Amino acid sequence: MSTGRDLRWVDAAGELPSLSGAYALHIVLDKPARLPPRWPGLRMDAGEYLYFGSAKGPGGIRARCARHFRAGKKRHWHVDWLTVAATGLRAAAFPDASECDLTARALEVPGVSIPVDGFGSSDCRCCKAHLLALPPQFGALFSDSILNRVTLFAHNTP
Ligand SMILES: [Zn+2]
């Protein structure tokens, strides 16, 4: 179980806590993916992305991420357009954090950027987006260390 400072990326929702709170998705696109209808005709470039969300309903983070991992789901949230096209998808739980704080702090890491204004943050008054692009120049070889740097930084900075 991933709680507190024990950050762990998992590729199955059953390994996540059923607490309410925030979570991160690491999304890998090997080819461009169509964006939701709000951005008609546009595509998200191939690359690696970090999405921060929150789960407050029954089953908490585990139930919400089970939906994210499910193939062939009906697309509803912005991030669904990416998870159905993803060639890699992992999740990490942040039960005691807010997705907006995580987003803001991850954005302080050099090279992390907002690819599409408004993506995943329709209900949010403070964030330009809840989806961030990881720096492409580092490539797949280093993605794990970048990912942990970004998320640990987001999690541990007061
Ligand atoms: Zn926000």
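Residues numbered from 1 in each chain as written. Predicted model: local features only at pLDDT ≥ 70, side-chain atom pairs only at ≥ 80, totals over all residues.

## Notes on the overall build of the chain
The test is simple: Helix and strand assignments follow DSSP, with helices taken as H or I runs no shorter than four residues and strands as E runs no shorter than two, numbered in order from the N terminus. Exposure classes come from backbone-placed C-beta atoms, where a residue is buried if 20 or more other C-beta atoms lie within 10 Å of its own, exposed if 12 or fewer do, and partly exposed in between. Here, residue contact means that the backbone-derived C-beta atoms of the two residues sit within 7 Å.
Helix and strand counts for the chain come out as 4 helices and 6 strands. Moving toward the C terminus, one meets the helices and strands of the chain in the order β-β-β-β-α-α-β-α-β-α. Buried positions account for 34% of the 158 residues belonging to the chain. Long-range contacts, defined as pairs at least 24 residues apart, comprise 71% of the intrachain contacts of the chain with a sequence gap of at least 6.

## Some thoughts on the environment of Leu-107
Of note, Leu-107 is situated in the loop between α3 (99-106) and β6 (131-133). A sequence separation of 43 residues divides Leu-107 from Val-150, and the C-alpha atoms of the two residues are 8.3 Å apart. Beyond its immediate chain neighbours, meaning those up to four positions away, Leu-107 contacts Val-112 and Leu-132.

## Things to note about helix α1 (residues 60-69)
If you check which residues of α1 are buried, you get Gly-60, Ile-61, Arg-62, Arg-64, Cys-65 and His-68. The inward-facing, buried residues of α1 abut β1 (21-29), β4 (47-55), α2 (80-83) and β5 (88-94).

## A word on the pairing of β4
Cut-off, in case you're wondering: In this description, strands pair whenever DSSP reports at least two bridges between them.
Along β4, 8 of the 9 residues are buried, which leaves the element largely enclosed by surrounding structure. The sheet contact formed by β1 and β4 spans 9 bridges and is antiparallel. Across the sheet, the residue bridging to Tyr-23 is Gly-53, located in β4. The pairing of β4 with β6 spans 3 bridges and is antiparallel. The partner of Tyr-49 across the bridge, within β6, is Ala-133.

## Some thoughts on the nonpolar core
Condition: Nonpolar cores are identified as sets of buried Ala, Val, Leu, Ile, Met, Phe, Trp, Tyr and Cys residues joined via C-beta atoms within 7 Å.
Judged by nonpolar contacts, the single largest core of 34 residues is most densely connected at Tyr-23, Ala-24, Tyr-49, Leu-50, Tyr-51 and Ala-91. Of all elements in the fold, only β1, β4, α1, α2, β5, α3, β6 and α4 (143-156) reach the threshold of two or more residues within this core. In contact with Ala-91, other than residues within four places in its own chain, are Val-10, Ala-13, Leu-16, Tyr-23, Ala-24, Leu-25, Cys-65 and His-68.

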